[in-house]
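Each chain, letter by letter, is given below.
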Amino acid sequence: MQWLKSLLGLRDDYTDLFLPVPPNPAQDALAAIDDLSRAMKNHQGAVETCSALGNLYRMRGELDRAIQMRSSLLQRPDLDREDQARIWFELGRDYSRAGILDRAHEALLRCREIGGDIPALELELALLHAKGGDFMAASRQYAKMGHAPQAAHYLVRAAASGDATDLGLLAEAREIYPASPEAWLEGIMHQIRREDWDEVVSLLDQGLGVVGPHLGFVLLDPLLDFDDPATPVKAILPADSLDALLAVIDRHPPDLSSLYCAGCLLRAHGRVEEAKTWQEKALLLNPAYWPARLELLTMSLPEQRMTPVFTLQLDFLLHRAREAKRFVCGRCGLKRGQIFFCCPKCLSWHSITIRQLLSDEAS
Ligand SMILES: [Zn+2]
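Residues numbered from 1 in each chain as written. Predicted model: local features only at pLDDT ≥ 70, side-chain atom pairs only at ≥ 80, totals over all residues.

1. Quick word on the overall build of the protein chain
Next up, step 1: Looking only at helices and strands, the protein chain features 18 helices and 5 strands.
Next up, step 2: The proportion of buried residues among the 363 residues of the protein chain is 32%.
Next up, step 3: Restricting the contact set of the protein chain to residue pairs at least 6 apart, pairs at least 24 apart contribute 49%. (Helix = DSSP H or I, 4+ residues; strand = E, 2+ residues; numbered from the N terminus. Buried ≥ 20, exposed ≤ 12 C-beta atoms within 10 Å, placed from the backbone. Contact = placed C-beta atoms within 7 Å.)

Written as C-alpha cells, this is what we have:
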C-alpha cells in the first residue's frame, strides 16, 4: 500500500483512509447495476442475471427500466415455463409498484395461467386488490389463503365504503374472525352515529370479551374526542350511559387503557374525584403511564396556587404533551396519532399498542 500512498502524496498518518468503509447498500446496488448493465451490452445474459438486474432497477425505483427488462426477456425463445411464470410475476410487481394496476393484474394472471397457484402470487393479488380499492376481492383473496384477520379487515373496509355501513358484511367479518378489532370498532362507530348508546355499550361488552385486553383501547377510543389537543377530553357518551359502561369495564380484566378511558369519561362528565381514583388505578398497573399522569396533573391544577407566568409555562407544556402521538407499533416502534390496523412501516397486523412512555424510541 506504501507505493499507492507515495503516489497520492499521502503521509503515513492518513492511513485511516485505507481502512474498510462502512457498507452502503444504495452504492452497492448501483455498482451491481453498472456491472450487470455492462455485461448485457456485450451478449445476452442468463435469464437469472437479467431478472436480477430487473429487481435491482425496481429496488432503486427505476420502474420503466425494470418493466423494459422483463418485457424484452419475455420475447426470448429459450424460456421454459418456470422462467416465463417468474418473469410475469416480477413484471406484475413492477407494474404494481408503478401504480399501473390493470397491467399488474394482467401480468399476475398470466403468471397463474402458466405456473399455477403459488403463495407469493396469491399474496400479491390480494395486495393489488386492496391497493386498487376492490376490498371485496381483497377479502376473498385473503380468505382463500386462510388469512382470516386480513379477510375480515377488508370486509369491514367494504362494509364502510358505501353511504351507510353494511351491517351484513360486518357480521360476516366477525364470523370469519371473531377477534377482529376493526369489525367491532366499525359496529360501535355505526351505533355512535345513530346515538343508540345501549347498543354501543352492549357491543363494547361483547367486543372487549373477544378482541383481547391488549386491543381493548381500540374499541374505547371513539368514546373520547382527542381532536383538539388544546382542550381536555370531551365526552361523547351521554352521562346516563356512563355507569353502564363503567360496569362493563369493571367486568373485564383490568387493563391500563380501559381504566384510563373510564377516568377520562368521568372527568368529562364532571365526576372528578371518581376520575382521579380510576387514573390512580391505571398508575398502579404502570406507574410510568404518562396519559394517566397528565390527566391527574390537569385535574389537580385548580387546587394549585400558581403565578400567571408559571400557569402560562405549564399550559404550554400540557398542550405539547397532549399533542404527542398516542399509539406505537409494538413490532417496529412507529408512532402514530391515529388508530391503525396494519402498520404502515413494518406491515404487521394488529401490532398497535398505546404509547405508555413519552420517551419511547423510534419515530
Ligand atoms: Zn410496525
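From this point, the narrative continues.
2. Side note on helix α14 (residues 239–251)
Given 3.6 residues to a turn, an α-helix orients residues that are three or four positions apart in the same direction.
Next up, step 1: Buried within α14 are the following residues: Leu242, Leu245, Val248 and Ile249. Along α14, the residues classed as buried sweep out an arc of 125 degrees about the axis, all on the same side. Every exposed residue of α14 that faces more than 90 degrees away from the buried side is listed here: Asp240, Asp243, Ala247, Asp250 and Arg251.
Next up, step 2: Looking at the buried residues of α14, the elements they touch are α12 (197–211) and α15 (256–268). (Arc of directions from axis to C-beta.)

3. A word on the nonpolar core
Next up, step 1: If you look at the biggest cluster of nonpolar residues, it comprises 73 residues, and the most contacted ones within it are Leu155, Ala173, Leu204, Leu219 and Leu265.
Next up, step 2: The dominant element in this core, judged by the number of residues it contributes, is α15, at 9 residues.
Next up, step 3: Taken together, domain 1 (25–128) and domain 2 (178–323) each give at least three residues to this core, which thus spans both.
Next up, step 4: One finds Val328, Cys329, Leu334 and Ile352 within the second-largest nonpolar core, a separate group that totals 5 residues. (Core = buried A, V, L, I, M, F, W, Y, C linked by C-beta atoms within 7 Å. Domains from an automatic or database assignment.)

4. Considerations on the confidence of the model for the protein chain
Next up, step 1: Confidence in the prediction of the protein chain, expressed as mean pLDDT, is 84, and 84% of residues score 70 or more.
Next up, step 2: Mean pLDDT in the protein chain bottoms out at helix α1 (residues 2–8), which sits at 41, and peaks at helix α9 (residues 148–160), which reaches 96. (pLDDT = per-residue confidence, 0-100.)

5. Looking at unusual backbone geometry
Among all residues save glycine, negative phi is the norm, and among peptide bonds the norm is trans.
Next up, step 1: Positioned with a positive phi, Glu195 is a non-glycine residue whose angle comes to about 60 degrees.
Next up, step 2: Topologically, Glu195 is positioned in the loop between α11 (181–194) and α12.
Next up, step 3: Positioned with a positive phi, Leu347 is a non-glycine residue whose angle comes to about 65 degrees.
Next up, step 4: Here Leu347 shows up in the loop between β4 (335–336) and β5 (352–354).

6. Structural notes on the packing of helix α5 (residues 81–98) against helix α6 (residues 101–115)
When two helices pack together, you describe them by how their axes are tilted relative to each other and by the distance separating the axes.
Next up, step 1: Interhelical geometry of α5 versus α6 gives an angle of 160 degrees and a closest axis separation of 8 Å. With respect to α6, the axis of α5 lies roughly antiparallel. Taken as a pair, α5 and α6 cross one another with a handedness that is left-handed. On α6, the residues that touch Arg81, Glu82, Gln84, Ala85, Trp88, Phe89, Leu91, Gly92, Tyr95 and Ser96 of α5 are Leu101, Arg103, Ala104, Ala107, Leu108, Arg110, Cys111, Ile114 and Gly115. (Axes fitted to C-alpha atoms, helices over the stretch in contact; angles between N-to-C directions. Parallel < 35°, antiparallel > 145°, perpendicular 65-115°, else oblique. Left-handed = near helix turned anticlockwise from the far one by under 90°.)

7. Some details on the environment of Leu223
Next up, step 1: Here Leu223 is to be found in the loop between α13 (216–220) and β1 (224–225).
Next up, step 2: Setting aside anything within four residues of it in sequence, one finds Leu223 in contact with Ile236, Leu237, Cys261 and Leu265.

8. What to know about the sheet that holds β4
Next up, step 1: The 3 strands lie next to each other as β4-β3-β5, forming an open sheet whose pairing is antiparallel. Lying at the two open borders of the sheet, with one neighbouring strand each, are β4 and β5.
Next up, step 2: In this structure, strand β3 (residues 327–329) lies alongside β4, joined through 2 bridges in antiparallel fashion. By the bridge assignment, Val328 is partnered in β4 with Lys335. (Pairing = 2+ DSSP bridges.)

9. So, the packing of helix α7 (residues 119–131) against helix α8 (residues 135–144)
Next up, step 1: Put simply, α7 and α8 touch, their axes get as near as 7 Å, and they point 160 degrees apart. Looking at the two axes, α7 sits roughly antiparallel to α8. The element α7 and its partner α8 pack so that their crossing is left-handed. Of the residues in α8, those in contact with Glu122, Leu125, Ala126, His129 and Ala130 of α7 are Phe135, Ala137, Ala138, Gln141, Tyr142 and Lys144.

10. Looking at helix α10 (residues 167–176)
Next up, step 1: When we look at burial in α10, the residues that qualify are Leu169, Leu170, Ala173 and Arg174. Burial along α10 is one-sided: seen end-on, the buried residues are contained in an arc of 140 degrees.
Next up, step 2: For α10, the secondary structure elements touched by its buried residues are α9 and α11.

11. Side note on the environment of Ala138
Next up, step 1: Along the chain, Ala138 turns up in helix α8.
Next up, step 2: Along the backbone, Ala138 and Tyr154 are 16 residues apart, and their C-alpha atoms lie at a distance of 6.4 Å.
Next up, step 3: In this structure Ala138 touches Ala126, His129, Ala130 and Tyr154, once residues within four positions along its chain are discounted.

12. What about the environment of Tyr57?
Next up, step 1: Take Tyr57: it is sitting in helix α3 (residues 47–59).
Next up, step 2: Residue classification places Tyr57 among the buried residues on the basis of 23 C-beta atoms within 10 Å.
Next up, step 3: Taking the C-alpha atoms as reference, Tyr57 lies 9.1 Å from Met69; in sequence the two are 12 residues apart.

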